[in-house]
Amino acid sequence: MSIWRHPITLPLFLLVALLFTAQVCFGVEELSSRDVVRVVPVAGVINPVVAGFVGAELVRANGDGSRALLIELDTPGGLDSAMRSIIKEILASEIPVIVYVYPSGARAASAGALVTLAADFAVMAPGTNLGAAHPVAIGPGAGGGDDVMMGKVVEDAAAYARSIAQQRGRNVDWAEKIVRESVSTPAEEALELKVIDLVAEDEQAMLLELDGRRYLRGGQERVLKTAGALLVRSEMTWRQEILNTISNPNVAYLLLMLGILGIFFEISQPGVILPGAVGAIALLLAFFAFQTLPVNYVGVLLILLAFVLFILEITVPSFGMLTVGGIVSLTLGSLMLVETSEPYLQISRVVIFATVAVCGSFFALVLYFVVRTQKTRYVSGIEGMVGERGEAVSDVGIKGRVFVHGEYWDAYAEVPIRKGAPIEVVRVERNMKLEVRESAMEGEWMEGGGERF
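Residues numbered from 1 in each chain as written. Predicted model: local features only at pLDDT ≥ 70, side-chain atom pairs only at ≥ 80, totals over all residues. Heavy atoms only, no water.

*Asks:* Explain the overall build of the chain to me, please; I cannot follow it from the model alone.
*Replies:* Scanning the chain from N- to C-terminus turns up 14 helices and 16 strands. Taking all 453 residues of the chain together, the buried fraction comes to 42%. In the chain, of all internal contacts separated by at least 6 residues, the share reaching a separation of at least 24 is 64%. Accessible area for the chain stands at about 24,400 Å²; split by element, carbon and sulfur atoms hold 61% of it. (Helix = DSSP H or I, 4+ residues; strand = E, 2+ residues; numbered from the N terminus. Buried < 20%, exposed > 50% of the residue type's maximum accessible area, 1.4 Å probe, protein only. Contact = heavy atoms within 4.5 Å. Areas by Shrake-Rupley, 256 points an atom, 1.4 Å probe, with all protein chains shown as cover.)

*Asks:* Just checking my understanding: could you explain the sheet that holds strand 11 (residues 230–233) for this structure?
*Replies:* The pairing of strands in a sheet comes from backbone hydrogen bonds and takes either a parallel or an antiparallel form. The strand order across the open sheet built from six strands is 8-5-3-2-1-11, with neighbouring strands paired in parallel fashion. Either end of the sheet is taken by a strand with one partner, and the two such strands are strand 8 (198–199) and strand 11. Two strands pair when backbone bridges link them, and strand 3 (residues 97–101) and strand 5 (residues 121–124) are joined in this way by four bridges, in the parallel orientation. Directly across from valine 101, in strand 5, lies its bridge partner methionine 124. (Pairing = 2+ DSSP bridges.)

*Asks:* When you look at the pairing of strand 9 (residues 214–217) in this model, what are you seeing that I'm missing?
*Replies:* In summary, the side chains of a regular strand alternate between the two faces of the sheet. Judged by which residues are buried, strand 9 turns out to be one-sided: Tyr215 and Arg217 face inward and are buried, whereas Arg214 and Leu216, on the alternate face, are not. Pairing geometry for strand 9 and strand 10 (residues 220–223), over four bridges, is antiparallel. Along strand 10, the bridge assignment pairs leucine 216 with glutamate 221. If you look at the hairpin formed by strand 9 and strand 10, you'll find two residues sitting between the two strands, and glycine 218 has a positive phi there, around 60°.

*Asks:* Explain the nonpolar core to me, please; I cannot follow it from the model alone.
*Replies:* In summary, soluble globular proteins display a tendency toward joint burial of nonpolar side chains. Ile303, Phe307, Leu330 and Leu337 are the most contacted members of the largest nonpolar core, which has 85 residues in total. Considering each element in turn, this core owes the most residues, eight residues, to helix 10 (residues 249–268). Not counting residues within four places of it along the chain, the set of residues in contact with leucine 337 comprises Tyr253, Leu256, Phe290, Pro294, Val295, Asn296, Gly299, Val300, Ile303 and Ile347. By size, the runner-up hydrophobic cluster in this structure holds 17 residues, among which are Phe121, Ala125, Leu198 and Leu210. (Core = buried A, V, L, I, M, F, W, Y, C linked by side-chain atoms within 4.5 Å.)

*Asks:* Help me understand a nonpolar patch on the surface in this model?
*Replies:* A cluster of nonpolar residues, Leu258, Val272, Leu274 and Val278, forms a patch on the protein surface that exposes about 350 Å² of accessible area. Along the chain, valine 272 falls in the loop between helix 10 and helix 11 (274–290). (Patch = residues over 30% accessible without salt bridge, like charges linked within 9 Å, V, L, I, M, F, W, Y side chains within 5 Å. Salt bridge = Lys/Arg side-chain N within 4 Å of Asp/Glu carboxyl O.)

*Asks:* Quick question: what am I supposed to make of the packing of aromatic side chains here?
*Replies:* For any pair of aromatic rings, geometry is given as the distance between the ring centres together with the angle between the planes. Going through the model one piece at a time under the given rule, you end up with four aromatic pairs. For the pair tyrosine 100 and tyrosine 102, a centre-to-centre distance of 4.8 Å together with 25° between the ring planes defines the contact as stacked. (Phe/Tyr/Trp six-rings, centres within 6.5 Å; stacked < 30°, edge-to-face > 60°.)

*Asks:* I tried to follow the packing of helix 2 (residues 48–63) against helix 3 (residues 80–92) on my own but got confused; where do I start?
*Replies:* For any two helices packed against each other, one specifies the crossing angle of their axes together with the interaxial distance. Packing of helix 2 against helix 3 brings their axes to within 8 Å, and their N-to-C directions diverge by 10°. Taken together, the axes of helix 2 and helix 3 lie roughly parallel to each other. Residues Pro48, Ala51, Val54, Gly55, Leu58 and Val59 of helix 2 pack against Ala82, Ser85, Ile86, Glu89 and Ile90 of helix 3. Class assignment of the residues belonging to the contact of helix 2 with helix 3 gives a composition of eight nonpolar, two polar and one charged. (Axes fitted to C-alpha atoms, helices over the stretch in contact; angles between N-to-C directions. Parallel < 35°, antiparallel > 145°, perpendicular 65-115°, else oblique. Nonpolar A, V, L, I, M, F, W, Y, C, P; charged D, E, K, R; others polar.)

*Asks:* I'm lost on helix 9 (residues 238–246) in this one. Help?
*Replies:* Within an α-helix, residues lying three or four positions from one another point in the same direction, as the helix has 3.6 residues per turn. Among all positions in helix 9, only Gln240, Leu243 and Ile246 are buried. Viewed along the axis of helix 9, the buried residues span an arc of 135°, placing them on a single side of the element. (Arc of directions from axis to C-beta.)

*Asks:* Would you explain helix 13 (residues 321–336) in this entry?
*Replies:* Between its first and last C-alpha, helix 13 extends 22 Å over 16 residues, near the 22 Å set by a 1.5 Å rise per residue. All buried positions along helix 13 are accounted for by Thr323, Gly326, Ser329, Leu330, Thr331, Gly333 and Ser334. (Expected span 1.5 Å × (residues − 1).)

*Asks:* Help me out: how do you make sense of the sheet that holds strand 15 (residues 422–428) in this one?
*Replies:* Strand order in the closed barrel formed by five strands is 12-13-14-16-15, with mixed pairing between adjacent strands. If you compare each strand with its neighbour and ignore which way they point, the axes differ by 55° on average. As defined by bridge partners, strand 13 (residues 400–404) adjoins strand 14 (residues 407–412) across five bridges and the pair is classed as antiparallel. Paired with phenylalanine 403 across the strands is tyrosine 408, a residue of strand 14.

*Asks:* What exactly am I supposed to notice about unusual backbone geometry here?
*Replies:* Excluding glycine, a negative phi dihedral is what most residues carry, and trans is how most peptide bonds are arranged. Residue proline 103 is reached from tyrosine 102 by a cis peptide bond, and omega for that bond is 0°. With respect to the secondary-structure elements, proline 103 resides in the loop between strand 3 and strand 4 (107–109).

*Asks:* Teacher, can you tell me more about the environment of tryptophan 409 here?
*Replies:* Among the structural elements, tryptophan 409 can be located in strand 14. Looking at tryptophan 409, the relative accessible area reads 10%, which means it is buried. Considering only alpha carbons, one finds tryptophan 409 and leucine 434, 25 residues apart in sequence, at a separation of 7.0 Å. Those residues in contact with tryptophan 409 that sit more than four places away from it in its chain are Met385, Gly400, Arg401, Val402, Val404, Met432 and Leu434. A distance of 3.3 Å separates a polar side-chain atom of tryptophan 409 from the backbone oxygen of valine 404. (Polar contact = N/O pair within 3.5 Å; in protein donor to acceptor, adjacent residues only side chain to side chain.)

*Asks:* What's the story with the confidence of the model for the chain in this structure? I'm lost.
*Replies:* Residues with a pLDDT of 70 or more make up 83% of the chain, whose mean pLDDT is 82. Of the regions scoring below 50 in pLDDT, residues 24–33 engages in eight contacts with residues more than four places distant in sequence or in other chains. Predicted confidence for residues 442–453 stays below pLDDT 50, and this span has 14 contacts to residues more than four positions away or in other chains. (pLDDT = per-residue confidence, 0-100.)

Below, the structure is given as structure tokens:
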């Protein structure tokens, strides 16, 4: 008898398979809980979406018992509120947090510099720089600023930087300088100034160098073990990617314009539904993005005014002056929309002028077709009678009868017309009586195939 037909073969096979699966599962669990350093890449502006992503990954890493969380940082800066949210999560983390300014050519400027200071271990790759954390005004009126209020903001940021540096045992004076004087420091110099703990070429070199170093938790000294750890990268979900993308100033601006256009089409063509729905969604997304930008609401009002002028141009005969005013208002509003000295928070001038050109051209084209339609002679209804030609079937003076468009009409003329003369309709009265005049081109009234009776 074949071994495969033995009654205990199948149960034994299933038992072995189950044990193997359990071993694999437990092995993966053991690896994930003890041998993993979770990597969170942050490349771009630090905004609420990025803060939420980093915070969620810190909670996850603490929950599964990872050896450490590694933040690979390359940022020009970002929002103070988002930065503070990340720092709170770092300071509250049970596992150690490593911030690695990476790769070569990267930077941790502004908010990124303070996030680096807050890490248990701060590491930089060669060719990177750190610093320039002077606060920038964000919100209504950004760019103008009250000197007293801005002074308070700077003092608050400087005290915050000193506090973080002191807690992590870093250079306190340098931490204050990056806020007050916008100092930026390259990797090697930062190491000499005791701002960071290490300069490393790549992740593996960094893990080897950090292995065995000590950090504090709850007043107790602990040892970091990174030798042989597996780096597991975390990525944003599709929802976080979308929200992070629309936080880009150029994307937010285009969403605003799309939203206004959609609402405009829905108002001008009620019942279409789709433009209004798309416009409403785009506006809501734009408003979400604007909370991360230094928006000047005078710019928003100028943009709205521009679209009001475009709409009025269609209904009010201004010979194009309202369109010109709309284009000027749209341009000024777009340029004033975001006011900041930080390039990463500014809307591209190319995007602004391209958008203004497209919108201005579109409304100019709409205006052209509206004017052309208004100048077109009516071809149906009572208004369509104006310009029609026919024949006087009686003498026409104060009153008379004419034959026009296959019908007999009561008519009158300012200049008397003899019976049988060709006539042309000048106006149609409310009582369906025609004002006519004698036509110089005899016989044209019959070109549509009409007949006299």
